Amino acid sequence: MAQATVDTRGSRRSPLEMVVDRIWRFFCSVRAAVVEIIILAVLVLLGTLRGSDAPQWLADAIPATQPAVDWLYDWDVFHSLPLMLILGVLCVAIVVCTLNRVPGIWKTIVDPTIRTNRSFLENAELSAAYQSAAAPAAAVGELSESLQKHRYRVLHEERGADIHLYADKNRYAKLGTFPFHLALILILLGGIVGARYGFREMTFVVPEGSVREVGHGTGLSVELIQFIDSWREEGIPSEYRSDLVIWKNGEKVKEGTITVNNPISYDNVTFYQSSYGQAAAFRITDTDGNLLFDDSIPLGQYTAVNNPDAPAGLQQLPQIGSQLNVIGQDQDPQNAPELDDLQLENGQMFLQLRQTADDGSVEILTGVVDPGETIQLGSVNIEYLREKRFTLMQVASNPGIPIFFAASFLLVAGLAVTFYFPHRRIRGIIGPGSDQTGSRVLMAPLARWDWSGQRDFRRIIERIETESRIAVTINERPREHAASRSESAADASE
Amino acid sequence: MESLVKLSFYCFAAGSIAVAASWVSYVLFTIGRVRLRQAELQTSAGTTVRASKAEFAPGWTSAGRFGSMMAWFGVVMMGLSVIFRTAASHRGPYSNMYEFSLAFVFVLLLIYLLFERFYEVKQLGVIVLTIAGAMCLYIWSLPSYMREVDALNPALQNRPLMTVHVSSAILAYATFAVSFAAAILYLIQVRKNVSWLPSADMLDDIGYRAVTVGFPLLALVLILGSVWAHEAWGAYWSWDPKETAALFTWLVYGVYLHTRTLRGWRGERSAYVLLFGFAAVVFTYYGNYFFGGMHAYGGVN
């Protein structure tokens with residue numbers, strides 16, 4: 001009869017409903033979720049290995065693996081489609097799985113099934129039985145009082161001559177899974193919001209005494225007053241420090257100092273100390289005396305072909321359609337001297353002016369200049385004022401950060417609640433005693449394969465024995481003989 | 001300052017000896033006593049055959065007690081070593097692999113002893129103390145200049161975050177080491193059915209409980225690392241190899257928890273996942289040796 005009913009319902013379902021149902025079941029499947037996490041873990045492992053020398057060690061040991069290793073090094077796993085796909089699938093699975101579990105968990109919390117059966121209790125891995133002199137109703141009262149002392153909620157209902165009992169504690173801890181899984185989605189959401197509505201400049205260079213615009217519609221500019229680096233005797237850097245002034249639409253709005261680990265923020269834009277380098281201050285005019293450039297050019301952002309170890313920089317001069325390349329002295333004695341064909345002396349700068357004519361031809365003019373000197377290259381006069389330094393900062397605005405922090409709190413709180421307040425459950429039947437006097441209590445914990453849960457149950461039984469001065473019989477059954485089906489059925493609704 | 005550094009090293013040396021003594025005691029306690037019983041049997045042909053049979057009995061209780069005592073002594077010595085080093089450097093001892101490993105041995109011993117007291121079993125000690133002993137050997141093998149207290153480079157100069165981030169990592173790794181020990185003993189127990197080893201259920205439970213402590217702690221490591229990265233580097237996640245290795249480890253234990261709590265995996269399958277998880281911990285721990293990226297410090301490169 002029941003079979004016929006199911007078939008009839010099945011035949012009434014439209015193909016669309018069946019497809020939706022199948023997709024829903026796929027995303028609810030714990031097995032699929034585990035496979036998805038494993039795929040994610042494998043991708044993360046591949047990406048991690050890619051950031052190490054380990055794959056190359058493998059290729060060195062087994063040359064046949066070199067093509068695979070080359071492929072791995074070329075594959076940007078963490079920005080690849082497979083990773084995005086698996087993260088997307090996991091997100092959907094978390095949402096669907098969570099929605100699917102809500103009714104069962106909520107029922108366990110507010111309206112759990114009280115009814116059980118004697119067979120389940122007798123065949124449980126661990127159970128306890130005792131005779132009470134009190135009538136069943138009074139025995140339930142005594143037992144409830146004992147369990148409540150251990151923070152158990154006790155529910156019971158009469159079924160014929162028996163009273164069925166259900167007791168649990170930490171039931172609200174079952175809700176901990178929701179903030180935890182919500183947090184995982186929020187972390188991804190925070191990343192998406194940050195990428196979509198924020199920005200991050202990895203190399204924001206400001207020479208000493210110069211002002212640079214932040215851009216990105218912020219209206220902010222940053223001026224570097226000075227950069228200071230201090231070193232310890234043993235040659236270890238102790239601090240990099242930049243004294244900054246932040247301007248907004250031409251108005252000074254903030255000043256402060258940044259060091260590594262101590263950024264400053266204004267209008268949700270944060271400035272991080274990253275590195276520093278050498279800069280050179282120039283004043284460039286044309287032959288009529290018109291000012292073309294009066295600022296510093298950071299060096300070290302580019303490399304020169306003739307000496308890749310020397311710090312180089314460039315500056316566009318759009319007024320005259322030219323580009324000024326500047327190369328400083330290679331001060332590292334470790335570098336290959338044979339490559340240094342400039343052979344600059346201390347403080348000198350090598351200049352190269354690339355002038356592009358209207359017909360597209362390029363004229364290259366070069367010269368070497370000392371600090372404080374002026375050199376004429378073609379139609380421009382270039383005065384090398386002095387050597388300076390620049391600070392290298394990262395500038396970022398990430399509106400996803402508050403979401404990330406909220407998610408982090410939810411994640412840790414959810415895990416703590418789930419793991420440190422385990423949901424403990426006990427089922428029991430209190431019936432009339434065998435000689436129709438008193439009552440017989442039989443109960444068992446829902447703790448199959450749960451050593452800690454069983455230990456908690458034993459402790460409760462010991463307390464009941466001590467407090468009520470009754471002899472309780474503990475029954476243990478080997479797991480292979482214990483009832484698993486009944487307990488699984490009891491748990492299924494959750 | 002120099003005398004404090006020396007004192008710290010002497011305490012570590014004393015702690016190493018205590019770890020070795022504790023390991024020997026736990027081995028004696030755990031492997032039990034072996035008695036060889038011999039019997040002479042008469043055959044129908046009138047000849048005699050001598051048969052031997054090995055019988056195993058529980059180890060000496062006193063050896064177990066001495067093992068625990070030595071382990072506690074090791075905790076005290078390693079703890080003093082950490083304290084002296086902290087006093088000398090005015091920060092947590094987390095700036096290189098010498099300091100990190102020193103703190104790890106201290107926390108590993110302490111976490112193990114808490115589990116020993118809570119579950120009232122000493123046999124785990126034979127595995128955990130093997131790990132602790134191996135770590136002591138590793139610390140001894142490190143170049144001597146790493147024993148000096150160096151100033152922190154600017155990237156590490158964030159004492160509160162460095163302390164909680166690295167402490168959480170040490171705690172997480174230590175609990176995972178305990179779960180690894182439980183998994184090893186579990187696999188021995190279900191294969192050999194050794195009567196005086198803890199029950200398989202208890203070992204399974206120890207492995208699970210240790211992960212329930214370590215998993216949130218590793219989540220905290222990732223989060224605090226992200227908060228620190230946000231303050232120092234301008235991005236809370238940079239796909240740095242050390243970050244992703246920790247994420248990989250976290251995912252492995254996530255698989256363990258999901259398969260156990262939702263798929264009902266228990267016993268051998270779960271134990272194998274724990275072994276794999278600890279391999280991931282070791283991979284992450286020693287990643288500084290072969291990872292590039294922004295965690296490439298610690299005195300190994």
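Asks: Please clarify how the overall build of chain B should be interpreted in this entry.
Replies: Secondary structure assignment for chain B yields eight helices and two strands. Along its sequence from the N terminus, chain B presents helices and strands in the succession α-β-β-α-α-α-α-α-α-α. The principal-axis extents of the C-alpha atoms in chain B amount to approximately 90 × 50 × 35 Å. Considering chain B as a whole, with its 301 residues, one finds that 60% of them fall into the buried category. In chain B, the share of contacts with a sequence separation of at least 24, taken over all contacts with a separation of at least 6, comes to 78%. In the structure as shown, chain B presents an accessible area of about 12200 Å², 65% of it carried by carbon and sulfur atoms.

Asks: Quick question: what am I supposed to make of the sheet that holds strand E6 (residues 220–231) of chain A here?
Replies: Adjacent strands of a sheet pair through backbone hydrogen bonds, lying either parallel or antiparallel. Residue and element names in this part refer to chain A. Taken together, the four strands give an open sheet; going across it, the order is E5-E6-E7-E8, and neighbouring strands pair in antiparallel fashion. Two strands close off the open sheet at either side, each with one partner strand: strand E5 (211–213) and strand E8 (251–259). In this sheet, neighbouring strand axes are inclined to one another by 25 degrees on average, regardless of whether the strands run parallel or antiparallel. Examined bridge by bridge, E5 and E6 share three bridges and lie antiparallel to one another. Paired with Val 211 across the strands is Glu 223, a residue of E6.

Asks: I'm lost on the interface of chain B and chain A in this one. Help?
Replies: Contacts between the two partners involve 56 residues from chain B and, on the opposite side, 59 residues from chain A. Surface buried jointly by chain B and chain A totals about 4800 Å² across both partners, of which 67% is contributed by carbon and sulfur atoms. On the chain B side of the contact with chain A, B:Pro154, B:Tyr236 and B:Trp239 bury the most area, a combined 14% of that side's loss. At the junction of chain B and chain A, the tally comes to one salt bridge.

Asks: I keep staring at the pairing of E8(A) and nothing clicks. Help me out?
Replies: A regular strand places its side chains on the two faces of the sheet in alternate fashion. All names here are of chain A. By the bridge criterion, eight bridges tie strand E7 (residues 237–248) to E8 in an arrangement that is antiparallel. In the strand pairing of E8, Leu 244 is matched with Gly 256. Hairpin remark: E7 followed by E8, antiparallel, with two residues in the connecting loop; positive phi at Asn 249, about 50 degrees.

Asks: What am I meant to see in the domain arrangement of chain B here?
Replies: Interface extent is often summarised as the accessible area lost during association of the parts. All names here are of chain B. As far as domains go, chain B holds domain 1 (1–32 + 57–151) and domain 2 (154–301). Measuring from the centre of the C-alpha atoms in domain 1 to the corresponding centre in domain 2 gives 20 Å. Counting residues at the interface gives 35 residues for domain 1 and 35 residues for domain 2. Carbon and sulfur atoms supply 79% of the area that domain 1 and domain 2 bury against each other, a total of about 3000 Å² over both sides. At the boundary of domain 1 and domain 2, one finds zero salt bridges. When residues of the side of domain 1 that touches domain 2 are traced back to their parent elements, those giving at least two are helix H1 (2–31), helix H3 (97–119) and helix H4 (125–141). Among the elements that take part in the side of domain 1 that touches domain 2, H3 stands out by supplying eleven residues, more than any other. Looking at the side of domain 1 that touches domain 2 residue by residue, the classes come out as 25 nonpolar, nine polar and one charged.

Calculation rules
- Residues numbered from 1 in each chain as written.
- Chains lettered and ligands numbered in written order.
- Predicted model: local features only at pLDDT ≥ 70, side-chain atom pairs only at ≥ 80, totals over all residues.
- Heavy atoms only, no water.
- Helix = DSSP H or I, 4+ residues; strand = E, 2+ residues; numbered from the N terminus.
- Buried < 20%, exposed > 50% of the residue type's maximum accessible area, 1.4 Å probe, protein only.
- Contact = heavy atoms within 4.5 Å.
- Areas by Shrake-Rupley, 256 points an atom, 1.4 Å probe, with all protein chains shown as cover.
- Pairing = 2+ DSSP bridges.
- Axes fitted to C-alpha atoms, helices over the stretch in contact; angles between N-to-C directions.
- Buried area = accessible area lost by both parts, 1.4 Å probe.
- Salt bridge = Lys/Arg side-chain N within 4 Å of Asp/Glu carboxyl O.
- Domains from an automatic or database assignment.
- Nonpolar A, V, L, I, M, F, W, Y, C, P; charged D, E, K, R; others polar.

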